[in-house]
Amino acid sequence: MPLPKAELHLHVEGTLEPELAFTLAARNGVRLPYADTDALRTAYRFKDLQSFLNLYYELMAVLRTEQDFADLANAYLARAAAQGVRHAEIFFDPQAHIARGVSLGTVVEGLWRALGSSERNHGVSTKLIMCFLRDESADSALETLQAATPYLDRITGIGLDSAEVGHPPLKFREVYQAAAALGLRRVAHAGEEGPPAYITEALDVLGVERVDHGLRCMEDPELVERLVRERVPLTLCPLSNVRLRAVETLAEHPLPAMLDAGLLCTVNSDDPAYFGGYAGDNFDAVRDTLHLSEDRLRELARNSFLAAFLEDDEERRARYLAEVAAYEF
Ligand SMILES: Nc1ncnc2[nH]cnc12
Ligand SMILES: [Zn+2]
C-alpha cells in the first residue's frame, strides 16, 4: 500500500496522456500533427517552461466536450488513487479553453462529472482551483472570474500559472482582491522560473495561502525565514523541475535543504503526463535519489494534508493525518 498523500499542485490538462490525446482526437475529428503516440512522446523534451507550455496548449485542442473533461479527470483520479493520493486539489486553465470556443460551463460541468463521484469511484476527495494565465491580461482574468459566477459552488480557489517571467503577481492584484471578497482560497505559481521577489509579492499583494513551486526562495535567506515563520506551504514538483530545467538533475534538487530549513514542503506532480510521473512516482524519485528517510517521507505526506484546503472538513483532515501517522513503510 502506498503512503497516503494529498496532491495540491496538479494541472488537469497536464494529465493528458498521449493515448487519451489520440482517442479524443479521433472522437472529435481533431488532427494532431504527430503520426502516433511514440512520435508525440518524442516531443516531450523541454528546454524550459515555455517550450513545455507550447505543447501543453497545443494538445488541449482535443478537449472539446463535457465528456472529454470527465474522461480526462477520471483517468487522472484512477492513476492518483493507485499511487496513494487520498485528496486532490486540481487546477484547470479556463482561459485556454474559452479561447478555443469551449465554454467555462463545458469545462466545469465535465470536470465535475468526475470530481463529484470521485470519492465513491476512486476513494479520492477533491477540490477544484481555477487558474488564470499570467501571460494573458489582468482584464481577461477579471472577465474569467466574472464568468465563473454560476460555478462558484464547485470552485474552492484561484491560482496563477503559465509563463512566469515578465508577469509578476502585482499584475493580478485586483482579481485576487475580488476573489478574496467572494470567499475563494488563493494560491499562485511563484519562484519556479521567476525570482524570489515574485514569491514575496504573491504573499504581500495577492494574499496567497500556499506558494506553487516556490523553489527559488532558497536564493533569499530572509524570505526562507519568513516562509518558515509563517508556515507557508510550498507545493514542490521535483520531476517537473528536472524536465523544465529548473534544476540540472534530481540529485541537485534543494528539497532536502528546504526540509532542513524547516519549510513546509509538499511533493506533487504538476503535469504528470509530460514530466514522467504521478504523485507516488515523485515520492519514489525523491526517496531514491535524494535518500530521504522514512521520517522525511512521512513529514511530506503529513504536510500535504496540513496544507490542503480542508478547513470545511477538519474531521476528514484528522482521518487522513491519522492514516499517515499509522502508515508502515
Ligand atoms: N509548471 C507550470 N508552471 C506554470 N504554468 C503551468 N501550467 C501547467 N504547468 C505549469
Ligand atoms: Zn504548475
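All chains use their own residue numbering, which begins from 1 and follows the written sequence. The naming scheme follows written order: chains are lettered A onward, ligands numbered 1 onward. Local features in this predicted model are restricted to residues of pLDDT 70 or higher, and side-chain atom pairs are both shown and tallied only at a pLDDT of 80 or more, whereas totals for entire chains, interfaces and linings draw on every residue. Hydrogens and waters are ignored; side-chain quantities use all the structure's heavy atoms.

1. A word on the confidence of the model for the chain
Moving on, step 1. Values of pLDDT, which run from 0 to 100, indicate the predictor's confidence residue by residue. Averaged over every residue, the pLDDT of the chain is 98; the share at 70 or more is 100%.
Moving on, step 2. Taken together, the chains of this predicted complex give a pTM of 0.99 and an interface ipTM of 0.97.

2. Here we look at the coordination of the zinc ion (ligand 2)
Moving on, step 1. Every protein donor of the zinc ion (ligand 2) is accounted for by His9 (NE2), His11 (NE2), His189 (NE2) and Asp270 (OD), and the metal-donor separations fall at 2.1 to 2.2 Å.
Moving on, step 2. Coordination at the zinc ion (ligand 2) is irregular: its four donor atoms span angles of 84 to 175° at the metal.
Moving on, step 3. Coordination shells were defined by N, O and S atoms within 2.8 Å of each metal, extended to 3.2 Å for Na, K and Ca; water is absent from the atom set, which can make sites look incomplete. Within one chain, the residues serving as donors to the zinc ion (ligand 2) are arranged as H-x1-H-x177-H-x80-D. Of the two residues, His11 is situated in strand β1 (residues 5–11) and Asp270 in the loop between β8 (264–267) and α14 (272–275); the sequence distance between them amounts to 259 residues.
Moving on, step 4. Look at Asp270 and you get buried, because its relative accessible area is 2%. A site with four donors is called tetrahedral when every donor-metal-donor angle falls between 85 and 135 degrees; four donors are called square planar, and six octahedral, when opposite donors sit more than 155 degrees apart and all other angles fall between 65 and 115; any other arrangement is irregular. For helices the rule is a DSSP run of H or I covering at least 4 residues; for strands it is a run of E covering at least 2, with both sets numbered from the N terminus onward. Summary of the burial criterion: residues with accessible area below 20% of their type's maximum are buried, those above 50% are exposed, and those between are partly exposed, where the area comes from a 1.4 Å probe applied to protein chains only.

3. A look at the pairing of strand β2 (residues 85–92)
Moving on, step 1. Most of β2 sits out of view: seven of its eight residues are buried.
Moving on, step 2. The pairing of β1 with β2 spans five bridges and is parallel. Across the sheet, Lys5 pairs through a bridge with Val85, a residue of β2. In short, DSSP must find at least two bridges between two strands for them to pair.

4. Let's talk about the UniProt feature "binding site: substrate" (unreviewed entry) in the chain
Moving on, step 1. UniProt positions are given in the numbering used here, feature names are shortened, and annotations may be inferred rather than shown by experiment. Taken from the UniProt record, the annotation "binding site: substrate" (unreviewed entry) applies to Asp271.
Moving on, step 2. You can call Asp271 buried: its relative accessible area is 3%.
Moving on, step 3. Contacts of Asp271, omitting those with residues within four sequence positions, involve His11, Gly14, Phe52 and Tyr56. The contact criterion used throughout is that any non-hydrogen atoms of two residues lie within 4.5 Å.

5. Things to note about the packing of helix α8 (residues 138–147) against helix α9 (residues 173–181)
Moving on, step 1. All axes here are fitted lines through C-alpha atoms, helices being fitted over the stretch that makes contact, and every angle between N-to-C directions spans 0 to 180 degrees. At a minimum axis separation of 8 Å, α8 and α9 run at an interaxial angle of 20°. On the basis of the axis angle, α8 is roughly parallel to α9. Once α8 is placed against α9, the crossing between them reads as right-handed. Contacts from Ala141, Leu142 and Leu145 of α8 reach α9 at Glu174, Val175, Ala178 and Ala179. Roughly parallel covers angles under 35 degrees, roughly antiparallel covers those over 145, roughly perpendicular covers 65 to 115, and oblique covers all other angles. It is the rotation of the near helix from the far one that decides the hand of a crossing: anticlockwise by less than a right angle makes it left-handed, clockwise makes it right-handed.

6. So, the UniProt feature "binding site: Zn(2+)" (unreviewed entry) in the chain
Moving on, step 1. Per the UniProt entry, the sites bearing "binding site: Zn(2+)" (unreviewed entry) are His9, His11, His189 and Asp270 in this numbering. For this annotated set, covering 262 residues, all C-alpha atoms fall within 11.7 Å of each other, a compact arrangement in space.
Moving on, step 2. On the secondary structure map, His9 appears in strand β1.
Moving on, step 3. Of note is the side chain of His9, whose polar atom sits 3.0 Å from the side chain of His189.
Moving on, step 4. Setting aside chain neighbours within four positions, we find Asp270 in contact with His9, Leu10, His11, His189, Glu192, His213, Cys237, Ser240 and Phe275.
Moving on, step 5. For Asp270, the side chain forms a polar contact with the side chain of His213, separated by 3.4 Å. We call two N or O atoms a polar contact when they sit within 3.5 Å, provided that within protein one can donate a hydrogen and the other can accept it, with sequence-adjacent residues counted only if both atoms are side-chain atoms.

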